[in-house]
Amino acid sequence: MISVRAPATSANLGSGFDVFGVALDRPGDVVRVEKADETTIEVTGMGSEYIPEEPAKNTAGVVANALDAPAHIHIDKGIRPSSGLGSSAASAAGAAVALAELYDRDLSGEDLVRVAAEGEAAVSGEAHADNVAPAILGGFTVVRDDGITQVDASLPLVACLPETVVSTRDARGVVPDSASMDHVVETVGSAATLAVGMERDDPVLVGRGFRESVVTPARAELIDGYAAACEAAEGAGATGVTVSGAGPGVVATCYPGRRRDVASALVDAFEDAGVEARAFCTEVGDGAEFV
Ligand code: HSE
């Protein structure tokens, strides 16, 4: 039996829509695989009741099929589905890494990302590798059609999950079709600042690089309490706050030693807006690993 822990991830980071992602040190999913004649899937843990166990409808099952690696797959969910923290990507990434090892497939990190993205596509309809790339490779990743760039980074983060339901379909539906040149210039400046900040482990540069005025404001409208939560987090020591993935989760980067204050400020602000929330103090972490 092979066991792999695959981390939660936060995609976009404001200025890197469909491009940037980071692996989070916690939470994560654990995927266990054993060879079998045909693939079966069992899901336990956080939100498991919402996840189909039929292989064709489960990201890990689609990965097993793509690798021609039938297995009994057990997924222990530590990441709540539909949270904006790459829950389905973690299961796909964990399955890709575990099944490649189980069947002794010689695949590079980028090959594994491609296979895991197929799993994501089968379930969510579109193949975004911006969650599966950091879930497999770890650190900060930049996904483009012509390849993936990865750097290890060390950065204090807080992920906060309001108990609001936002479907990825709705969150993609509100993304404007076009952007003004002023907004393009702002986004390029932010994205460049963020990438340099990741390389330097500088939370001030990364927080500044979250700034983006096209996708994020449209999605923020879907998250009750978002504006108040950002303001409260910034007052408590966050250097930047933005929507995590398609939401409703939010991610904040902060000054060292301020994560607990930021986590409390986010939870309190959402609760003041009538939305229950929980927060994780975390940091940029490693990709999928054998456990
Ligand atoms: N980049 C994707 C989005 C991540 O923001 O819609 C979620 O699949």
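The structure presented is a predicted model; accordingly, all values stated were derived computationally and were not measured. (Residues numbered from 1 in each chain as written. Predicted model: local features only at pLDDT ≥ 70, side-chain atom pairs only at ≥ 80, totals over all residues. Heavy atoms only, no water.)

### So, the confidence of the model for the protein
Okay, step 1: Looking at the protein, pLDDT values average 96 and 100% of them are 70 or higher.
Okay, step 2: Predicted complex, confidence summary: ipTM 0.98, pTM 0.96. (pLDDT = per-residue confidence, 0-100.)

### Re the pairing of strand E3 (residues 40–45)
Okay, step 1: Here six bridges tie E3 to strand E4 (residues 71–77), and the two strands are oriented parallel to one another. Paired with Val-43 across the strands is Ile-75, a residue of E4.
Okay, step 2: Traced from E3 through helix H1 (residues 59–66) to E4, the parallel crossover comes out left-handed. (Pairing = 2+ DSSP bridges. Helix = DSSP H or I, 4+ residues; strand = E, 2+ residues; numbered from the N terminus. Right-handed = clockwise from strand over helix to strand, strands pointing away.)

### Some thoughts on the pattern of salt bridges
Okay, step 1: Scanning the model with the defined rule gives eight salt bridges in all.
Okay, step 2: Note that Asp-111 and Arg-114 form a salt bridge whose closest N and O atoms lie 2.9 Å from each other. Separated by three residues within a single helix, Asp-111 and Arg-114 lie in helix H3 (residues 109–124), roughly one turn from each other.
Okay, step 3: Arg-144 is paired through a salt bridge with Asp-146; the nearest N and O atoms lie 3.0 Å apart.
Okay, step 4: Given a relative accessible area of 53%, Arg-144 falls into the exposed group. (Salt bridge = Lys/Arg side-chain N within 4 Å of Asp/Glu carboxyl O. Buried < 20%, exposed > 50% of the residue type's maximum accessible area, 1.4 Å probe, protein only.)

### Side note on the side chain of Ser-190
Okay, step 1: Mapping Ser-190 onto the fold places it in helix H6 (residues 181–200).
Okay, step 2: Apart from the residues lying within four places of it in its own chain, the contact partners of Ser-190 are Ser-15, Arg-208, Gly-209 and Arg-211. (Contact = heavy atoms within 4.5 Å.)

### Regarding the environment of Pro-7
Okay, step 1: For Pro-7, the location among the structural elements is in strand E1 (residues 2–11).
Okay, step 2: By relative accessible area, which is 1% here, Pro-7 ends up buried.
Okay, step 3: A sequence separation of 252 residues divides Pro-7 from Arg-259, and the C-alpha atoms of the two residues are 19 Å apart.
Okay, step 4: What Pro-7 contacts, discounting residues up to four positions off in sequence, is Ala-23, Leu-24, Pro-27, Gly-28, Ile-79, Ala-90, Pro-134, Ala-135, Asp-286, Gly-287 and Ala-288.

### Topic: the sheet that holds strand E9 (residues 250–254)
Okay, step 1: Read from one edge of the open sheet, four strands run E8-E9-E7-E10, paired in antiparallel fashion. Two strands lie at the open edges of the sheet, namely strand E8 (238–243) and strand E10 (277–283), each paired on one side alone. Ignoring strand direction, the axes of neighbouring strands in this sheet form an average angle of 20°.
Okay, step 2: The sheet contacts of helix H10 (residues 259–272) involve strand E7 (156–162), E8, E9 and E10, and relative to E10 the element is tilted by about 160°. (Axes fitted to C-alpha atoms, helices over the stretch in contact; angles between N-to-C directions.)

### Describing the site of the ligand
Okay, step 1: The ligand sits among Asn-12, Phe-17, Asp-18, His-128, Asp-130, Asn-131, Arg-172, Arg-219, Gly-245 and Ala-246.
Okay, step 2: In this structure, Asp-18 approaches the ligand through a side-chain N or O atom, which is 2.5 Å from a nitrogen atom.
Okay, step 3: Contact distances for the ligand include 2.6 Å between an oxygen atom and a side-chain N or O atom of Arg-172.
Okay, step 4: Relative to its unbound accessible surface of 250 Å², the ligand loses 92% to contact with the protein. (Near = heavy atom within 4 Å. Polar contact = N/O pair within 3.5 Å; in protein donor to acceptor, adjacent residues only side chain to side chain. Areas by Shrake-Rupley, 256 points an atom, 1.4 Å probe, with all protein chains shown as cover.)

### Some remarks on the side chain of Arg-219
Okay, step 1: Mapped onto the fold, Arg-219 is located in helix H8 (residues 215–220).
Okay, step 2: One buried charged residue, Arg-219, forms no salt bridge at all, with the nearest opposite charge on Asp-18 at 6.0 Å.
Okay, step 3: Apart from the residues lying within four places of it in its own chain, the contact partners of Arg-219 are Asn-12, Phe-17, Ala-171, Arg-172, Val-174, Val-175, Gly-245 and Ala-246. (Lys, Arg positive; Asp, Glu negative; His and termini not counted.)

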